[in-house]
Amino acid sequence: MRFHNTILYILLSIAVMSCIDDVDPEKFDIGEEKVVINGVISPSDTVIRVQVSHTKAIIGEYEYDLESQLVEPDAEVLLSNEDGLEVALTYSQNSRMYEVKADDFTLVPGKNYFLAVSLRGKTYRSQCTIPAGEITEMGHRVKRVDEYETDLSVSFRDIAGEENFYRVGAFTNSEAGGGSIASFGIDTFQNDNVGDGATITAISDYFYYYGEDDSITVQVANIEEVLYRYQYAKYNYEGDDPFTEPVAFPSNIEGDAIGIFTGYTYFTKKFKLEN
């Protein structure tokens, strides 16, 4: 699941869009600890995972990312669906997350899911909706620039009739390129502002050399707005740059906690590369 790692860690229903709050790092007390809850779920997952942690209470800059968190192994984490089915996630020492096998709790596109995390006498809640639409048209164009550089553009048809947010990625099986992932830069973030049902194109800013027997796998994720906004904020966040504008990270966790609980689906097409 190469793309899973790329989109989740580079990676809400309309009824709860108003529950997405922006979290400004500069507004936190430098000595204040915050519970952080992060869960990104998809029907393509073999294991459903949720991370529960808390921020460091240190003198210095506030960092809202996975690397800066201290994991909480003693929480109670419950996941339920709109039909009332509920499952408890158990803590894994290996992943340092709360887990349940996807076979034990099926995720269905278009359905609502609810998260409840209890920790030290408090309960934090959130909900998400797995995006339902399918991407049925996907294509690519490859242009060799020189011996080492290649231009790649990926196009796909927007899912009509709803507001959509996307992440675009691609990787090759090239031994010469190390099976590397194409870099799309800011173009990895796409939405349907160009028009409902229109063709969307993302152009890579770097793509490795490929051989005549290589193929490319193009993947487009249909993600919720809160995940799009979080990953976009993460992309623009430069914590070590004193001249960078403060970045507000979105949060849709109810209670005195921060983080995101959200869903996505993704679509894949493999192409033969031609010289």
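Residues numbered from 1 in each chain as written. Predicted model: local features only at pLDDT ≥ 70, side-chain atom pairs only at ≥ 80, totals over all residues. Heavy atoms only, no water.

Draft legend 1. Structural detail: the overall build of the protein. Regarding its fold elements, the protein presents two helices and 17 strands. Counting across all 275 residues of the protein, residues that qualify as buried make up 51%. Carbon and sulfur atoms make up 46% of the accessible area of the protein, which amounts to about 13900 Å² in all. (Helix = DSSP H or I, 4+ residues; strand = E, 2+ residues; numbered from the N terminus. Buried < 20%, exposed > 50% of the residue type's maximum accessible area, 1.4 Å probe, protein only. Areas by Shrake-Rupley, 256 points an atom, 1.4 Å probe, with all protein chains shown as cover.)

Draft legend 2. Highlighting the pairing of strand β17 (residues 257-272). Here β17 lies mainly inside the structure; twelve of its 16 residues are buried. Alignment of strand β2 (residues 35-41) against β17, held across seven bridges, turns out to be parallel. When the bridges of β17 are listed, Val35 appears paired with Ala257. In terms of strand pairing, strand β15 (residues 215-223) meets β17 through nine bridges, oriented antiparallel. The residue bridging Thr217 from the neighbouring strand is Lys270, located in β17. (Pairing = 2+ DSSP bridges.)

Draft legend 3. Structural detail: the pairing of strand β12 (residues 165-172). The buried count for β12 comes to eight of eight residues, which makes it a mostly enclosed element. Burial of the side chains of β12 extends over both faces: Phe165, Arg167, Gly169 and Phe171 are buried on one face and Tyr166, Val168, Ala170 and Thr172 on the other. Pairing of β12 with strand β13 (residues 189-191), which is carried by three bridges, proceeds in the antiparallel orientation. The partner of Arg167 across the bridge, within β13, is Phe189. Both β12 and β15 contribute to a ladder of eight bridges, which runs antiparallel. In the sheet register, Phe165 faces β15, and the bridge partner there is Ile223.

Draft legend 4. Geometry of a nonpolar patch on the surface. Nonpolar side chains collect at one region of the surface, where Ile186, Tyr232 and Tyr235 lie side by side and expose about 270 Å² of accessible area between them. Take Tyr232: it is sitting in helix α2 (residues 225-236). (Patch = residues over 30% accessible without salt bridge, like charges linked within 9 Å, V, L, I, M, F, W, Y side chains within 5 Å. Salt bridge = Lys/Arg side-chain N within 4 Å of Asp/Glu carboxyl O.)

Draft legend 5. Fine view of α2. For α2, with twelve residues, the first-to-last C-alpha span of 16 Å sits near the 16 Å given by 1.5 Å per residue. If you check which residues of α2 are buried, you get Val226, Leu227, Tyr228, Tyr230, Gln231 and Ala233. (Expected span 1.5 Å × (residues − 1).)

Draft legend 6. Highlighting the nonpolar core. If you look at the biggest cluster of nonpolar residues, it comprises 25 residues, and the most contacted ones within it are Val77 and Tyr113. Listing elements by their share of this core, those giving two or more residues are β2, β3 (47-55), β5 (76-81), β6 (86-92), β7 (97-101), β8 (112-119), β9 (122-129) and β17. Among the elements that line this core, the one with the most residues is β8, at four residues. Once residues lying within four places of it in the same chain are set aside, the contact partners of Val77 are Val50, Val52, Val87, Ala88, Leu89, Tyr98, Leu115, Ala116 and Val117. (Core = buried A, V, L, I, M, F, W, Y, C linked by side-chain atoms within 4.5 Å. Contact = heavy atoms within 4.5 Å.)

Draft legend 7. Up close: the pattern of salt bridges. Per the stated rule, a full pass over the model turns up five salt bridges. In this structure, the salt-bridge partner of Glu99 is Arg49, at a minimum N-O distance of 2.7 Å. Of the two residues, Glu99 is situated in strand β7 and Arg49 in strand β3; the sequence distance between them amounts to 50 residues. Classification of Glu99 by relative accessible area gives buried; the value is 18%. Residue classification places Arg49 among the partly exposed positions, given a relative accessible area of 35%.

Draft legend 8. Structural detail: the sheet that holds strand β11 (residues 150-157). Taken together, the three strands give an open sheet; going across it, the order is β10-β11-β14, and neighbouring strands pair in antiparallel fashion. Each edge of the open sheet carries a strand with a single partner, namely β10 (138-144) and β14 (199-203). Between one strand and the next, the sheet's axes are offset by a mean angle of 20°, whatever the strand orientation. Two elements, β11 and β14, share five bridges in a ladder whose sense is antiparallel. Paired with Arg157 across the two strands is Thr199, which belongs to β14. (Axes fitted to C-alpha atoms, helices over the stretch in contact; angles between N-to-C directions.)

Draft legend 9. Representation of the packing of aromatic side chains in the model. A complete count under the given rule lists nine aromatic pairs for this structure. Between Phe189 and Tyr232, the aromatic rings sit 5.2 Å apart at their centres with planes inclined by 75°, giving edge-to-face as the arrangement. Of this pair, Phe189 sits in strand β13 while Tyr232 sits in helix α2; the two residues are 43 residues apart in sequence, bridging distant segments of the chain. By relative accessible area, Phe189 is classed as buried at 7%. Taken together through their ring pairs, the aromatic side chains of Phe165, Phe189, Tyr228, Tyr232 and Tyr235 make up a single cluster. Against the face of Phe189 rests Arg167, its NZ or CZ located 4.3 Å from the ring centre. (Phe/Tyr/Trp six-rings, centres within 6.5 Å; stacked < 30°, edge-to-face > 60°. Lys NZ or Arg CZ within 6 Å of the ring centre and 35° of its normal.)

Draft legend 10. Representation of the confidence of the model for the protein in the model. With 73% of its residues at a pLDDT of 70 or more, the protein shows a mean pLDDT of 80. Counting interchain partners and residues more than four positions distant, the pLDDT-below-50 stretch residues 58-68 has 29 contacts. (pLDDT = per-residue confidence, 0-100.)

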